[in-house]
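So the chains spell out like this:
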Amino acid sequence: MNSNPISESEIVATIIFSCLAFVLMGVVLVMFFYFSRKKIIKEKLEKKDLEIQYQKEQVQAVIIIQEEERKRIAQDLHDDISSKLNVVSLNSHLLNTPNLTESEIAEITGNIINLTAKALDSSRKIAHGLFPPVLEKFGLHAGIEELCLEFESSKTISIDYQNDIEFDENDKDRHLHIFRILQELMNNSLRHGKATKISIAFEEENGVKKGIYSDNGIGFDSKNSENQKGLGMKNIESRVSFLNGNLNVESAINRGISVVFTF
C-alpha cells in the first residue's frame, strides 16, 4: 500500500523552514564571530594598554634615576670640588700679600698643589662613576673584574666571577647597562643583604646570553611585590628592559637572593 504523497503546501513549508534554519544559523554564526572578534580586539587593546603603562613606568623610573644621579653629581661638585677650588682661589690671592717670607710662600704653594691634586682625584672619581674608564678601554669583562676587586677590597665580602661568553666590543652602550645592573645588585648585597659571598656568572644557552647572580645575604620575601618596588629594583628592571631581556628574581628570608637576566 503506497504512502500518501507529500502535498505542495508541506513541501513549501519544509523549504521555508529549511531557509529559516539556515538564516538563523547564519545569524548565530555572524553574531558568534562578531562578539568573538570584539572580545579578541578588547583583549588586545587591554594588553596594549598594559604594555604602554609598563613602558611609562619604565621611562618614569629612568627619569627618576637620572634625576637622582644629577643631584648626586651636583652635590659632589658643590661639596667636594667646588669647596677645594674656593680654598685654592683664597690661597692664590694670599700669594699677592706683600712681605711674605719664603716659608710662608712655600706653605701656601704646598696647600694649592695639595688641594688641586685632591680636586683632580675627586673629578676622576665622578667621571669614573659616569662611565668607568676600564669599561671604555678594555671592555665589559675587564670592567666587571675591576668592580669585583673594588668590592673585595673592603675585606668583608668575597666574589666568585665566571664568564663563558664573548662580549662584543661594538655593544658598549649595552655593556654599560649590564655593568650598572651588577653594580646595583652588588651594592644591595653589601648594604642591605649583609652578604659575605657573591657569585656572578655569564653563559649562553640556545643562542640566549644570560647573567646569573646570587648572594648569601639575609634575603627577602620575593613573593611580596612590595619588596621589589624599590628604586634600585626599578633601575635594574629598566636596564633589562632596554636590553630587550627578561628578569627573574627569587629570594626568601635568610636564603639570600638569586637573579637571572637575559640580554
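Along each chain, numbering runs from 1 in the same order as the chain's sequence is written. Thresholds applied to this predicted model are a pLDDT of at least 70 for local features of residues and 80 or more for the giving and counting of side-chain atom pairs; totals over whole chains, interfaces and linings are not thresholded and use all residues. No hydrogens and no water enter the side-chain calculation; it runs on all heavy atoms of the structure.

A. Local environment of the pairing of strand β4 (residues 247-251). Two strands qualify as a pair provided DSSP detects at least 2 bridges between them. Secondary structure elements follow DSSP: runs of H or I no shorter than four residues count as helices, runs of E no shorter than two count as strands, and numbering proceeds from the N terminus. As defined by bridge partners, β4 adjoins strand β5 (residues 257-262) across five bridges and the pair is classed as antiparallel. Within β5, the position partnered with asparagine 248 by the bridge is valine 260. Linkage of β4 to β5, two consecutive antiparallel strands, is achieved through a turn of five residues, within which asparagine 254 is found at a positive phi near 60°.

B. Looking closely at unusual backbone geometry. The phi torsion at asparagine 99 lies on the positive side, around 60°, for a residue other than glycine. Relative to the elements of secondary structure, asparagine 99 occurs in the loop between α1 (8-94) and α2 (102-130). Burial classes: relative accessible area under 20% of the type maximum marks a residue as buried, over 50% as exposed, and values in between as partly exposed (1.4 Å probe, protein chains only). Take asparagine 99: its relative accessible area is 76%, and that puts it in the exposed class.

C. Summary view of the environment of leucine 100. Take leucine 100: it is sitting in the loop between α1 and α2. A relative accessible area of 23% places leucine 100 in the partly exposed class. Note on contacts: a residue pair qualifies if any of its non-hydrogen atoms lie within 4.5 Å across the two residues. In this structure, leucine 100 is in contact with Leu94, Leu95, Ile105 and Ile108, ignoring residues within four places of it in sequence.

D. Spatial organisation of the packing of helix α4 (residues 140-152) against helix α5 (residues 172-191). It is the contact of α4 with α5, at a shortest axis distance of 10 Å, that shows an interaxial angle of 15°. In terms of orientation, α4 and α5 fall into the roughly parallel class. Between α4 and α5 the crossing geometry is right-handed. In this structure, α4 contributes Leu140, Gly143, Ile144, Leu147, Cys148 and Phe151 to the contact, and α5 contributes His175, Ile178, Phe179, Leu182, Gln183, Met186, Asn187 and Leu190. Residue type decides the class: Asp, Glu, Lys and Arg count as charged, Ala, Val, Leu, Ile, Met, Phe, Trp, Tyr, Cys and Pro as nonpolar, and the leftover types, Gly among them, as polar. For the contact of α4 with α5, a count of residues per class yields 10 nonpolar, four polar and no charged. Angles run from 0 to 180 degrees between N-to-C directions of axes, and those axes are lines fitted to C-alpha atoms, restricted for helices to the stretch in contact. In what follows, roughly perpendicular refers to angles from 65 to 115 degrees, roughly parallel to angles under 35, roughly antiparallel to angles over 145, and oblique to any angle outside these ranges. Definitions for this section: a left-handed crossing has its near helix turned counterclockwise from the far helix by less than a right angle. A right-handed crossing has that turn clockwise.

E. Expanded view of the nonpolar core. Only buried residues count toward a nonpolar core, which is a set of Ala, Val, Leu, Ile, Met, Phe, Trp, Tyr and Cys residues joined through side-chain atoms within 4.5 Å. Formed by 33 residues in total, the largest nonpolar core has its most connected members in Leu182, Met186, Ile200, Phe202, Tyr213, Phe261 and Phe263. Broken down by secondary-structure element, the contributors of at least two residues to this core are α4, β1 (158-163), α5, β2 (197-205), α6 (231-242) and β5. Top contributing element to this core by residue count: α5, with seven residues. Those residues in contact with phenylalanine 263 that sit more than four places away from it in its chain are Ile165, Phe167, Arg174, Ile178, Phe202, Lys209, Lys210, Gly211 and Leu243.

F. Structural detail: the pattern of salt bridges. For salt bridges, the criterion is a side-chain nitrogen of Lys or Arg within 4 Å of an Asp or Glu carboxyl oxygen. Applying the stated criterion across every chain yields a total of three salt bridges. One salt bridge connects glutamate 136 with lysine 172, and the closest N-O pair in it is separated by 3.9 Å. With glutamate 136 in helix α3 (residues 133-138) and lysine 172 in helix α5, this residue pair connects regions lying 36 residues apart in the sequence. Judged by relative accessible area, glutamate 136 falls into the partly exposed class, the value being 41%. What makes lysine 172 partly exposed here is its relative accessible area of 30%. Of the charged contacts, one joins lysine 210 and glutamate 205 as a salt bridge, the two residues approaching to 3.2 Å between their closest N and O atoms. Exposure remark for glutamate 205: the relative accessible area of 43% places this residue in the partly exposed category. Through salt bridges with shared partners, a single network forms among Glu203, Glu205 and Lys210.

G. Quick look at the environment of glycine 219. Along the chain, glycine 219 turns up in the loop between β3 (208-215) and α6. Along the sequence, glycine 219 and lysine 194 sit 25 residues apart, while their C-alpha atoms lie 8.9 Å from each other. For glycine 219, the contacting residues outside a window of four places in its chain are Ser251, Ala252, Ile253, Asn254 and Gly256.

H. How the structure looks around the packing of aromatic side chains. Only Phe, Tyr and Trp rings take part, Trp by its six-membered ring, and two of them pair if their centres are within 6.5 Å. Stacked means planes under 30 degrees apart, edge-to-face means over 60, and tilted covers everything else. With the rule as written, the count across this model stands at seven aromatic pairs. An angle of 70° between the planes, with centres 5.6 Å apart, marks the rings of phenylalanine 32 and phenylalanine 33 as edge-to-face. Across the pair, exposure class does not vary: phenylalanine 32 and phenylalanine 33 are exposed alike.

I. How the structure looks around the sheet that holds β5. Taken in spatial order, the five strands make up an open sheet running β1-β2-β3-β5-β4, and their pairing is mixed. Across the chains shown, the open sheet's two edge strands, defined by having one partner strand only, are β1 and β4. Recorded for the sheet is a direction-independent mean angle of 10° between the axes of neighbouring strands. Bridge count for β1 against β2 is six bridges, and the pairing is parallel. Across the sheet, the residue bridging to serine 158 is lysine 197, located in β2. Each of β1 and β2 is contacted by α4, which is oriented at about 170° to β1, the strand it contacts most. The strands touched by α5 within the sheet are β1, β2, β3 and β5, with β2 carrying the most contacts at an inclination of about 150°.

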